[in-house]
Amino acid sequence: MKNILIVGSTGQIGSELSIRLRSIYGDNNVICGYYKPPYPDNFFDLGPTVEIDATNIDQIADAVKKYKIDTIYNLAAILSATAEKNPKLGWSVGMDSLMNCLDVARELNCAVFTPSSIGAFGNNTPKDKTPQDTIQRPNTVYGITKVVGELLSDYYYSRWGVDTRSVRFPGIISNLTHPGGGTTDYAVEIFYNAVQGEKFTCPVKAGTYMDMMYMPDALDAAIQIMEADPSKLVHRNSFNIASMSFDPEMIYAEIKKHYPQFVMDYDVDPLKQAIADSWPNSLDDTCAREEWGWNPKYDLAKMTIDMIQVLKERHLQQTLALKK
């Protein structure tokens, strides 16, 4: 990768991926496409930006031509729980953005990364250590767009040689960006409540296992897959990746090691619970490890320590600022 365009750079993944990519490839070689607020701090000062509606193919093509882009990260999407409330919007954003990026890449010779998700699986998928290649029959519009995205990306590779690659992200936990309407958001929100000394009400029931990942590992995966030797890739769209799987009681117990007085109760959201129940408990990521060396750095305990340290320091700074 030399010149990179991030479509959807202000979202949960994009806002942090842009920082990581710029640290590797240089500020001026990573172009951040944005659509609407909110924008990350100092967003317009850190490097080149361009306004892009992901459903507008001309805007994507113009940016690729102007900045001589060779790699597109297509991160535009409406997350699972939000998409269920507006399925047409979820489909439109998810599919139009992908088709536009693939067509531009085909015409202008770019590689394309489009993330898939554990949402690409459904109730008929094996729940534990879900295989790389298995039945995919999701029952959410978000999951459907991810399955179609995997198939389309493989199609553009086999039909026209577009260098498409992706990973199936589990729930992503970030200490920088707030949740954006996903089913796994509780695993981020619980840390904020703990650090702020507030009770946490969990929207999914005890015993609901889902694969999760700390953002630094997710960023590594998004970069490593695009840097991987293509001759070694048996799969392309999309690789299972995993680092930890837990239920609410497990993350609660881990946080209580640091905040013994922390309290959690439950008020189950039927929509989020139904989505979570349809997803795998854990993924088998053997293919990613063998084909491009995937190796996560964080487990639940290590992630919890880092999350609390970062959020605690930020909370202290905000408290001091309010007192001035």
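Every value quoted in this text rests on a predicted model; they were computed, and no experiment measured them.

Visitor: How do you make sense of helix α7 (residues 215-227) when you look at a structure like this?
Guide: The end-to-end C-alpha separation of α7 is 18 Å, in line with the 18 Å expected for 13 residues at 1.5 Å each. In terms of burial, α7 is a largely internal element, 10 of the 13 residues being buried. Looking only at α7, the buried set comprises Met 215, Asp 217, Ala 218, Leu 219, Asp 220, Ala 221, Ala 222, Ile 223, Ile 225 and Met 226.

Visitor: Before we go on, may I ask you to explain the sheet that holds strand β13 (residues 244-246) in this structure?
Guide: Two strands in a sheet stick together by hydrogen bonds in their backbones, pointing the same way (parallel) or opposite ways (antiparallel). Taken in spatial order, the three strands of this open sheet run β9-β11-β13, and their pairing is mixed. The sheet is open, and its two borders are formed by β9 (171-173) and β13, each paired with just one other strand. Across the sheet, the mean angle from the axis of one strand to that of its neighbour is 40°, orientation sign disregarded. Relative to strand β11 (residues 210-214), β9 runs parallel, the two being bridged by three bridges. Bridge pairing links Ile 173 to Tyr 214 in β11. Along the sheet, helix α6 (residues 186-195) contacts β9, β11 and β13; its crossing angle with β9, the most-contacted strand, is approximately 25°.

Visitor: Where do I start with the pattern of salt bridges in this structure?
Guide: A side chain with one charge can pair with a side chain of the opposite charge if their charged atoms come near. Within the structure shown, the criterion is met by eight salt bridges. Between Lys 257 and Glu 254 there is a salt bridge whose closest N-O contact spans 3.2 Å. Three or more residues joined by partner-sharing salt bridges are found here, namely Arg 20, Asp 220 and Lys 297.

Visitor: Any chance you could explain unusual backbone geometry here in plain terms?
Guide: Geometrically, the link from Pro 37 to Pro 38 is a cis peptide bond, its omega value of 5° lying close to zero. Among the secondary structure elements, Pro 38 is positioned in the loop between β2 (30-34) and β3 (49-51). Of note, the bond from Asn 237 into Ser 238 is cis; its omega dihedral lies within 30 degrees of zero at 20°. Note that Ser 238 resides in the loop between α7 and β12 (239-240). Non-glycine residue Asn 109 carries a positive phi angle of around 60°. Its place among the elements puts Asn 109 in the loop between α4 (87-108) and β5 (111-113).

Visitor: Hey, could you run me through the nonpolar core in this one?
Guide: The nonpolar side chains of a soluble globular protein tend to be buried, and buried together. Judged by nonpolar contacts, the single largest core of 36 residues is most densely connected at Ile 173, Tyr 186, Phe 191, Phe 246, Ile 251 and Met 303. Top element by residues in this core is α6. It accounts for eight residues. In contact with Ile 173, not counting residues within four places along its chain, are Ala 187, Val 188, Phe 191, Met 212, Met 213, Tyr 214, Met 215, Phe 246, Met 303 and Met 307. Val 30, Phe 113, Met 215 and Ile 223 belong to the second largest nonpolar core, which has 31 residues in total.

Visitor: What should I look at first to understand the packing of helix α1 (residues 14-25) against α7 in this one?
Guide: Geometry of a packed helix pair, given as the angle between the helix axes and the separation of the axes. The N-to-C vectors of α1 and α7 enclose an angle of 55°; their axes lie 10 Å apart at closest approach. With respect to their mutual orientation, α1 and α7 come out oblique. Note that α1 runs across α7; the crossing there is right-handed. Packed against α1, whose contacting residues are Glu 16, Leu 17, Arg 20, Leu 21, Ile 24 and Tyr 25, the element α7 presents Met 215, Pro 216, Leu 219, Asp 220, Ala 222, Ile 223 and Glu 227 at the interface. Grouping the constituent residues of the contact of α1 with α7 by class yields nine nonpolar, no polar and four charged.

Visitor: Explanation requested: helix α9 (residues 270-278) in the structure shown.
Guide: Residues that lie three or four places apart on an α-helix share one face, since the helix turns once every 3.6 residues. Buried residues of α9: Lys 272, Gln 273, Ile 275, Ala 276 and Ser 278, and no others. On the buried face of α9, the contacting elements are α3 (80-85) and β11. Sitting at the head of α9, Asp 269 places a side-chain oxygen 2.9 Å from the backbone nitrogen of Leu 271.

Visitor: I would appreciate a short explanation of the environment of Gln 261 in the present structure.
Guide: Mapped onto the secondary structure, Gln 261 falls in the loop between α8 (248-256) and β14 (264-266). A sequence separation of 62 residues divides Gln 261 from Lys 199, and the C-alpha atoms of the two residues are 9.5 Å apart.

Visitor: Help me understand the pairing of β2 in this model?
Guide: Residues in a regular strand point their side chains to alternate faces of the sheet. The buried fraction of β2 is high, at five of five residues. Residues Val 30, Cys 32 and Tyr 34 line one face of β2 and the alternating positions Ile 31 and Gly 33 line the opposite face, and both faces are buried. Pairing analysis gives four bridges linking strand β1 (residues 4-7) to β2, with the strands arranged parallel. Residue pairing for β2: Leu 5 is matched across the bridge by Ile 31. Handedness of the crossover joining β1 and β2 through α1 is recorded here as right-handed. Examined bridge by bridge, β2 and β3 share three bridges and lie parallel to one another. Paired with Tyr 34 across the strands is Glu 51, a residue of β3.

Thresholds applied
- Residues numbered from 1 in each chain as written.
- Predicted model: local features only at pLDDT ≥ 70, side-chain atom pairs only at ≥ 80, totals over all residues.
- Heavy atoms only, no water.
- Helix = DSSP H or I, 4+ residues; strand = E, 2+ residues; numbered from the N terminus.
- Expected span 1.5 Å × (residues − 1).
- Buried < 20%, exposed > 50% of the residue type's maximum accessible area, 1.4 Å probe, protein only.
- Pairing = 2+ DSSP bridges.
- Axes fitted to C-alpha atoms, helices over the stretch in contact; angles between N-to-C directions.
- Contact = heavy atoms within 4.5 Å.
- Salt bridge = Lys/Arg side-chain N within 4 Å of Asp/Glu carboxyl O.
- Core = buried A, V, L, I, M, F, W, Y, C linked by side-chain atoms within 4.5 Å.
- Parallel < 35°, antiparallel > 145°, perpendicular 65-115°, else oblique.
- Left-handed = near helix turned anticlockwise from the far one by under 90°.
- Nonpolar A, V, L, I, M, F, W, Y, C, P; charged D, E, K, R; others polar.
- Polar contact = N/O pair within 3.5 Å; in protein donor to acceptor, adjacent residues only side chain to side chain.
- Right-handed = clockwise from strand over helix to strand, strands pointing away.

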